[in-house]
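# Survey of secondary and tertiary structure
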Amino acid sequence: MSNDAFRDLSQNPLIQRLGVPRIPVLRRHTVGAPLLDGPALVGSVGSGRFADPVRALLKDADVPDGDGRLAAVVLDATAARTVDDLAAVQEFLTPAVRRLAPNGRLLLLGPGGAPAGPAAGTGDVEAAAVAQALDGIVRSAAKEVRAGATANLLVVDPDAPPAAVDSSVRFFLSGRSAYVDGQVVRVATPVGPARDPIGMDDPTDDVHPLAGRVAVVTGAARGIGAAIADTLARDGARVVAVDVPAAGEALAGVANRTGGTALALDITAADATGRLLAHLAERHGRVDVMVHNAGITRDKLLANMDADRWNAVLAVNLRAQLAINAALRDGDLLSDSGRIVCVASTSGIAGNRGQTNYAASKAGVIGMVRAPAPGLAARGATINAVAPGFIETEMTARMPLGTREAGRRINSLRQGGLPVDVAETVGWLGLAESGGVTGQVVRVCGQSLIGA
Ligand code: NAI
């Protein structure tokens, strides 16, 4: 039994006979599971550079070609420039989508690069329109595909080498991206070392893609943070689990089961950054993946807001992250394939009644990942945010039934996500191989209508 009784009930054939739609059971990654559980179809529009490398990646992962139901459809539309090219996209996708299996994956690759400027010729403007049109196709297809299937778009910079998209293609095709739907992610040319210089990170090792990497997770004692710690450890990372001293027992439990270390630390304390860096320097000599997950809410309408509620939320959710990131940027503990991943929220995108403080902090996180991305890229590091939508946690379990049911259903997958869905997304962004993905906000929300 999950938290979602209606979803469980909807699996019953007798209930389905009453006309109640079945809520899909999502395909999620399990250790040793194949990338895809059926054949994939790969196509390209014009002279796309990525179709052959994607075919090679799939062959490597033992994904069969084949007739019948498709586990995945990948279209390289990076060469699309004209409205005629869009007709070719439709011509390929229409029959392919009809064959998409339950929990299937539709993944498009589209052209990235600078938008057409004032001196743009007609062709440039048409190309810009076509690039944006793919966005509309994917977001609409994500709403149409059924039974747990998803659709996502990778916007690839013109000079990005084929290998730059590998980790993202793998993520979006796998069960790891179960609750990531209708998203558009830009993949740039990675600057600096494309792979971990220490050479321990092997993204093609699907069992331990984070082997040898050192990860810090704040707020790791429970909820989404504990799931992130578990998932990164499962994938081979050595985890430093951070939480407030009051959560000490739960934190020790997480550290024990992940084989990592616990650091009892209030991240808002004046000496917090210094203590975190000292712990990293002593135990590991570096950090490869810094996950800012700790977060609090102190809801109140703006008209009734007080300085304590305001400052408490901003201190944990934004100020502490700014301080740690500044120290990592200016120091030498963040490795050359360092990955900073911040947990934002769809409330930071859409706003939410009673949450001006929380939405300010989470929108602030989005600003915080966009601004320093170019500077970090110069040394091979990245910074990204994940923005969870409705996730089944203790917090959402305590919501009134009506609000909870509405929150769960207003997305294309008609259910809430699980903490592990956020954790898997963090894991993908934490790979050394994901160096082309930076300054991005990836929603883990099942294509929620909120803030869409
Ligand atoms: P939670 O309340 O279950 O866990 C948060 C953890 O952070 C706790 O263990 C807490 O002790 C720790 N923490 C709080 N203040 C801290 C501090 N000053 N120093 C160190 N640790 C501190 O929350 P949950 O639901 O797991 O959320 C995790 C993150 O995901 C938060 O940033 C939250 O805003 C975000 N989020 C959650 C959503 C949901 O549906 N649960 C939706 C969108 C975003």
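Residues numbered from 1 in each chain as written. Predicted model: local features only at pLDDT ≥ 70, side-chain atom pairs only at ≥ 80, totals over all residues. Heavy atoms only, no water.

### Examining the site of the ligand
Taken together, 27 residues lie near the ligand, and Arg222, Ile224, Asp243, Asn293 and Tyr358 sit nearest. In the model, an oxygen atom of the ligand is placed 2.7 Å from a nitrogen or oxygen of the Arg222 side chain. The side chain of Thr393 places a nitrogen or oxygen atom 3.1 Å from a nitrogen atom of the ligand. Its free accessible area being 840 Å², the ligand has 90% of it covered by the protein chains. Put simply, the parts of the chain that give the shell around the ligand at least two residues each are helix 7 (223–234), helix 12 (356–370) and helix 14 (394–397). When the residues that make up the shell around the ligand are grouped by side-chain class, the tally is 14 nonpolar, 9 polar and 4 charged. (Near = heavy atom within 4 Å. Polar contact = N/O pair within 3.5 Å; in protein donor to acceptor, adjacent residues only side chain to side chain. Areas by Shrake-Rupley, 256 points an atom, 1.4 Å probe, with all protein chains shown as cover. Helix = DSSP H or I, 4+ residues; strand = E, 2+ residues; numbered from the N terminus. Nonpolar A, V, L, I, M, F, W, Y, C, P; charged D, E, K, R; others polar.)

### Regarding the nonpolar core
Formed by 64 residues in total, the largest nonpolar core has its most connected members in Leu36, Leu58, Leu154, Ile228 and Leu232. Residue contributions to this core peak at 7 residues, all from helix 7. The residue makeup of this core includes at least three contributed by each of domain 1 (5–187) and domain 2 (214–444). Beyond its immediate sequence surroundings of up to four residues, Leu154 is in contact with Leu107, Leu108, Leu109, Gly110, Ser168, Val169, Phe172, Val185 and Val187. If you look at the next biggest cluster of nonpolar residues, it comprises 36 residues, including Leu265, Met290, Leu314 and Val365. (Core = buried A, V, L, I, M, F, W, Y, C linked by side-chain atoms within 4.5 Å. Buried < 20%, exposed > 50% of the residue type's maximum accessible area, 1.4 Å probe, protein only. Domains from an automatic or database assignment. Contact = heavy atoms within 4.5 Å.)

### Regarding helix 4 (residues 83–98)
If you check helix 4, its first and last C-alpha atoms are 23 Å apart, about what 16 residues at 1.5 Å a residue would give, namely 22 Å. Within helix 4, the full set of buried residues consists of Asp85, Leu86, Val89, Phe92, Leu93 and Ala96. One face of helix 4 carries all of its buried residues, which in axial projection span an arc of 130°. Opposite the buried face of helix 4, by more than 90 degrees, sit the exposed residues Val83, Asp84, Glu91 and Arg98. The elements touched by buried residues of helix 4 are strand 1 (40–44), strand 2 (70–76), strand 3 (100–111) and helix 5 (122–144). (Expected span 1.5 Å × (residues − 1). Arc of directions from axis to C-beta.)

### Section: the pattern of salt bridges
What the rule picks out here adds up to 16 salt bridges. For Asp135, the salt bridge identified is with Arg139, shortest N-O distance 2.4 Å. On the criterion of helical spacing, the pair formed by Asp135 and Arg139 is a turn pair, its members being 4 residues apart in helix 5. Classification of Arg139 as partly exposed rests on a relative accessible area of 36%. Across the pair Arg309 and Asp306 runs a salt bridge, and its minimum N-O distance is 2.5 Å. Judged by relative accessible area, which is 28%, Arg309 ranks as partly exposed. (Salt bridge = Lys/Arg side-chain N within 4 Å of Asp/Glu carboxyl O.)

### Remarks on the pairing of strand 6 (residues 214–218)
In terms of residue burial, strand 6 counts as a mostly covered element, since 5 of its 5 residues are buried. Here strand 6 shows two buried faces, one formed by Val214, Val216 and Thr218 and the other by Ala215 and Val217. By the bridge criterion, 5 bridges tie strand 6 to strand 7 (residues 238–243) in an arrangement that is parallel. Pairing of Val216 across the sheet is with Val240, part of strand 7. You can see the chain leave strand 6, run along helix 7 and come back into strand 7, and the turn it takes is right-handed. Here 3 bridges tie strand 6 to strand 9 (residues 287–292), and the two strands are oriented parallel to one another. In the strand pairing of strand 9, Val217 is matched with Val291. (Pairing = 2+ DSSP bridges. Right-handed = clockwise from strand over helix to strand, strands pointing away.)

### Notes on the domain arrangement of the protein
The domain boundaries assigned to the protein delineate domain 1 (5–187) and domain 2 (214–444). The centre of domain 1, based on its C-alpha atoms, is set 27 Å off from the matching centre of domain 2. At the interface, 31 residues of domain 1 touch 28 residues of domain 2. Interface area, domain 1 with domain 2, both sides summed: about 2500 Å², of which 52% is carbon and sulfur. Sorting the residues of domain 1 by area buried against domain 2 places Arg28, Arg176 and Tyr179 first, and these three jointly supply 28% of that buried surface. The tally of links between domain 1 and domain 2 comes to 4 salt bridges. Across the salt bridge formed by Asp235 and Arg176, the nearest N and O atoms sit 2.9 Å from each other. Taken together, the links from domain 1 to domain 2 amount to 12 residue pairs in polar contact (both at pLDDT 80 or more). (Buried area = accessible area lost by both parts, 1.4 Å probe.)

### So, the environment of Pro158
In this fold, Pro158 is placed in the loop between strand 4 (150–156) and helix 6 (166–173). Taking C-alpha positions, Pro158 is 23 Å from Val369, a pair spaced 211 residues apart along the chain. Excluding residues within four positions of it along the chain, Pro158 makes contact with Arg49, Gly112 and Gly113.

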